[in-house]
Every structure is written in structure tokens, then in C-alpha cells.
Amino acid sequence: MRSISFFFYSTLIFLLLPTHAFAQLSLDEIAGRIKQGMVTLRSAERPLRQAQIFDPYYYFYQTVLPQGAKSYPLGTGFIMPDGIHVATSFKQLEGASSIQAVTNSGKAFDAQLLGADASLDLAILRMKNVKGQSGLDFGNSKGSRLGDALYVFGRSIRYLMIKANLSSLDSGEGAFGRHWMIDKPTHPGVSGGPVVDARGRVVGMAGFNPDGPAQLGVVLPSALILKGAEQLIRNGKLSKAWMGIVPKNLASLDDLDHLRSNEIKGGVLVENLIVDGPAAKAGLQIGDFILAIGEKTLLQTADLNDFLDRHKAGESVSLKIHRAGKGLMKLSLQLGDLPSAQDLPNASSLL
């Protein structure tokens with residue numbers, strides 16, 4: 001418990017400091033600091049990955065690591081401010097039976113997976129028997145703006161740095177909807193690595209979405225990393241209100257033509273439902289359009305995520321929806337608890 005308290009109090013101090021308290025650093029100074037706080041994650045046994053696309057070795061060399069290798073690269077991680085915990089991409093750890101974190105000095109520490117969340121693509125590890133290790137400073141991602149200069153670092157096999165700019169903020173839609181987008185691609189070589197601002201503070205973590213736009217990269221904001229890390233360290237999973245739907249933003253108002261209503265200007269489309277999830281049990285159907293939840297009017301899925309972040313599992317909420325052929329309706333729904341990464345429903349659990 002002591003390490004957890006130190007981690008969050010020290011982080012709070014950095015977040016409360018005024019912006020002018022951090023001097024502008026040269027890129028060489030930033031790179032030097034970040035290099036000290038990064039780790040290479042590896043496994044003693046070949047990870048049983050479902051897709052080679054997440055394999056950093058395959059990304060660089062377009063072939064699998066030869067048989068007989070003494071260790072297998074998993075991806076990049078970075079040390080949190082407490083010097084003990086490591087943040088990384090959950091997807092990069094897939095199929096690994098054991099994990100080691102190798103620091104910049106070459107020291108290898110056995111690492112225990114404390115918890116992970118598939119929707120954020122976030123995993124938190126604890127390095128065993130580590131002393132005197134320096135962690136990275138965090139910045140406040142909520143203060144970031146479109147066009148900000150960012151630096152993406154990776155150390156899965158070789159040390160990498162990518163200069164990028166913040167191109168898109170939280171859209172709320174899909175598995176990567178809570179992530180930012182940047183104007184340079186992210187890949188397994190940097191996935192799980194820190195993304196820092198011009199003052200050298202961590203404002204995000206690089207992810208990799210092979211189903212996203214090839215010319216853009218994804219970044220999990222630091223505010224979500226810190227919030228997720230606290231719960232993953234304590235409980236091994238995120239405690240978050242959950243509806244059990246696959247939400248979709250409107251591409252345009254033309255998507256509303258089938259509703260035949262001129263009063264609806266925004267909302268969240270139910271693209272799919274989880275079998276036996278809270279929404280399915282409440283009577284929500286595929287194609288329903290959610291206009292409001294509780295007292296909150298929804299214009300996009302980011303509004304729905306914001307509502308769920310502020311409420312707890314077990315609470316009953318009212319939904320205002322529009323259903324094709326029936327018009328406006330009201331439903332009552334009891335929010336569920338978001339399943340852990342291992343228990344999160346897959347495609348076979350969709351209606």
C-alpha cells in the first residue's frame with residue numbers, strides 16, 4: 001500500500017504544479033530522460049500470439065524469431081513515478097507465460113502482471129526486487145490541444161523516437177475511442193512506450209490498432225493511464241459502469257433518415273449488443289438510437305463514456321431512445337460492472 005500511496009501523491013504534485021514550473025528542454029535532454037525510464041519487455045518462452053502482427057520482431061524483420069532463442073521480445077513499457085510499476089500495452093503481452101522488464105542499464109527484473117484492461121489496451125506490471133529505479137514524470141493530458149508536438153518512444157527491439165503532432169482527441173467510439181490520434185503511425189516497435197510533450201512529461205502511451213487508419217497512430221492519454229493504474233494495482237481490473245453495447249457515432253445526419261424525425265440532431269446508435277448484457281436485458285435493440293441517459297443528453301459516444309465514468313455498477317438509469325417504427329421510448333437499465341480483460345465478451349457474445 002505504501003508504494004501505491006507514494007505513486008499517486010507524487011503524481012498529484014506534478015499535476016498541480018503550474019505550467020511555468022517546467023522549463024523547456026532540448027530534444028536531446030528529453031530523449032536522455034525518457035531512455036532512462038523505459039524498459040524492454042520480454043518472455044523466456046515464445047508467446048502464443050494469435051496474430052504475428054503484434055510481434056515486434058516480425059514487424060522489423062518480417063519473419064518469426066528463430067527457434068532456440070533465449071528470450072522473446074514482447075514490446076515496450078515505461079516505469080511509473082513510484083519506480084516499481086510499469087505501464088504497457090495489454091495486447092503486446094498476449095500469450096506470454098512469463099515477463100521480464102529490462103532497464104536501460106541492462107538489468108532484468110521479473111515482472112508480475114497486476115491487471116489489464118482490453119478496452120484501454122492498458123496493462124500494469126510490478127517489477128520484483130527493484131530498488132532505486134527512477135520513474136518518468138507525468139503531465140496532464142487534459143491540457144493537451146490539437147496540433148501539440150509530441151514525441152513517441154519505443155524500445156521493443158531497438159530504440160526509436162517518432163516526432164508527431166496531436167491530430168484528434170477522444171471520439172468515444174469503438175475499442176480505441178478513448179485514444180488520441182497522432183499524424184504518424186504507431187506500431188509494435190513503439191506500442192506500450194511513452195508519449196511525451198515538449199517539456200518531457202508523459203502525456204500518453206503509444207498503442208497499435210491494425211484495423212485503424214494506416215497513416216495515423218493511437219495514444220492512450222495519461223489521465224486514463226493514471227486512473228486505470230490505480231484500480232488495476234488495487235483490484236486487478238477496472239471498476240467501471242458498463243451497458244454491454246457496441247456504440248457508434250453518426251457519420252452524418254443522413255444516418256437518421258430511417259428514423260424520419262427532424263427533431264433528432266445527435267445521439268448514439270446501438271450497432272450491436274452483448275448477449276445477456278445490461279442493455280439486452282433492459283430491452284434495448286440493435287438499431288436503437290440513444291438520445292439521453294439519466295439527465296444527460298447524448299450528442300456522441302464520448303458523452304456516453306463521460307456519463308459511465310461518473311456512475312457505478314448497480315445504479316439504475318433511464319434511457320430516452322428512438323426506435324424505428326415506434327418513435328420515442330423510455331427504458332430503465334441497471335448498469336453492470338465492466339468485465340476484466342480476460343472475461344470481456346468476444347465476437348461470439350454479440351447478438
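The structure under discussion appears in the preceding block.
A few points on the structure. Position numbers for residues start from 1 in each chain and track the written sequence from start to end. The predicted origin of the model limits local features to residues at a pLDDT of at least 70 and limits the giving and counting of side-chain atom pairs to 80 or more, whereas totals for whole chains, interfaces and linings rest on all residues. Side-chain calculation: all heavy atoms of the structure are included, whereas hydrogens and water are not.

### With respect to the environment of Asn129
Heads up, the condition is: Secondary structure follows DSSP: runs of H or I at least 4 residues long count as helices, runs of E at least 2 residues long count as strands, and numbering of each begins at the N terminus.
Note on placement: Asn129 falls in the loop between strand E6 (122-127) and strand E7 (149-154). A C-alpha to C-alpha distance of 9.5 Å links Asn129 and Ala111, two positions 18 residues apart in sequence.

### Some words on the pairing of strand E14 (residues 245-248)
Defined as follows: Using a 1.4 Å probe on the protein chains alone, a residue whose accessible area is under 20% of its type maximum counts as buried, one over 50% counts as exposed, and one in between counts as partly exposed. Here, a strand pair is defined by DSSP locating no fewer than two bridges between the strands.
Residues of E14 alternate between two faces, with Ile245 and Pro247 buried on one and Val246 and Lys248 left unburied on the opposite face. In this sheet, strand E15 (residues 268-273) lies alongside E14 in antiparallel orientation, the contact comprising four bridges. Looking at E15, one finds that Pro247 is bridged to Val270.

### What about helix H4 (residues 222-235)?
Applied cut-off: A helix's residues, less one, multiplied by 1.5 Å, set its expected span.
The first and last C-alpha atoms of H4 sit 20 Å apart over 14 residues, in line with the 20 Å expected at 1.5 Å per residue. Residue Gly236 follows H4 closely and has a positive phi angle near 80°.

### Some remarks on the packing of aromatic side chains
So the rule is basically this: Aromatic pairs are defined between Phe, Tyr and Trp rings, using the six-membered ring for Trp, whenever the two ring centres lie within 6.5 Å; interplanar angles under 30 degrees are classed as stacked, those over 60 as edge-to-face, and all others as tilted.
Following the criterion strictly, the structure yields six aromatic pairs and no others. When the centroid spacing of 5.5 Å and the interplanar angle of 75° are considered together, the rings of Phe54 and Phe208 count as edge-to-face. Of this pair, Phe54 sits in the loop between strand E1 (38-43) and helix H3 (56-61) while Phe208 sits in the loop between strand E11 (202-207) and strand E12 (217-221), placing them 154 residues apart in sequence. Judged on exposure class, the residue Phe54 and its partner Phe208 are both buried. An angle of 35° between the planes, with centres 6.3 Å apart, marks the rings of Phe153 and Tyr159 as tilted. Assessed through its relative accessible area of 32%, Tyr159 is described here as partly exposed. Ring pairs connect the aromatic residues Tyr57, Tyr59, Phe60 and Tyr61, which therefore count as one cluster.

### Here we look at helix H2 (residues 27-37)
Cut-off, in case you're wondering: It is the directions from the helix axis to the C-beta atoms whose arc is reported. In this analysis, two residues are considered to be in contact whenever any of their non-hydrogen atoms come within 4.5 Å of each other.
For H2, the complete set of buried residues consists of Ile30, Ala31, Ile34 and Gly37. Taken down its axis, H2 places every buried residue within 130° of arc, on the same side. Among the structural elements, E1, strand E2 (72-79), E7 and strand E10 (194-196) are those in contact with the buried residues of H2.

### Considerations on the pattern of salt bridges
Note the following rule: Salt bridge criterion: a side-chain nitrogen from Lys or Arg within 4 Å of a carboxyl oxygen from Asp or Glu.
Overall, the coordinates contain seven salt bridges when judged by the stated rule. In this structure, the salt-bridge partner of Asp309 is Arg178, at a minimum N-O distance of 2.9 Å. With Asp309 in helix H6 (residues 301-309) and Arg178 in the loop between strand E8 (160-168) and strand E9 (180-182), this residue pair connects regions lying 131 residues apart in the sequence. For Arg178, a relative accessible area of 12% gives the class buried. Glu230 is the partner of Arg234 in a salt bridge, and the nearest nitrogen-oxygen pair spans 3.1 Å. Of the two residues, Arg234 and Glu230 are both situated in helix H4; the distance of four residues between them amounts to about one turn of the helix. Among the ionic contacts, a cluster of salt bridges with common partners joins Lys296, Asp306 and Arg310.

### Quick word on the nonpolar core
Definition in use: Buried residues of nine kinds, namely Ala, Val, Leu, Ile, Met, Phe, Trp, Tyr and Cys, make up a nonpolar core once their side-chain atoms join them within 4.5 Å.
Within the largest apolar cluster, 26 residues are counted, with the highest numbers of intra-cluster contacts made by Phe78, Met80, Leu122, Phe153 and Ile225. Counting only elements with at least two residues in this core, the list comes to H2, E6, E7, E11 and H4. For this core, the leading source of residues is H4, giving six residues. In this structure, Ile245, Val270, Leu273 and Leu335 belong to the second largest nonpolar core, which totals 21 residues.

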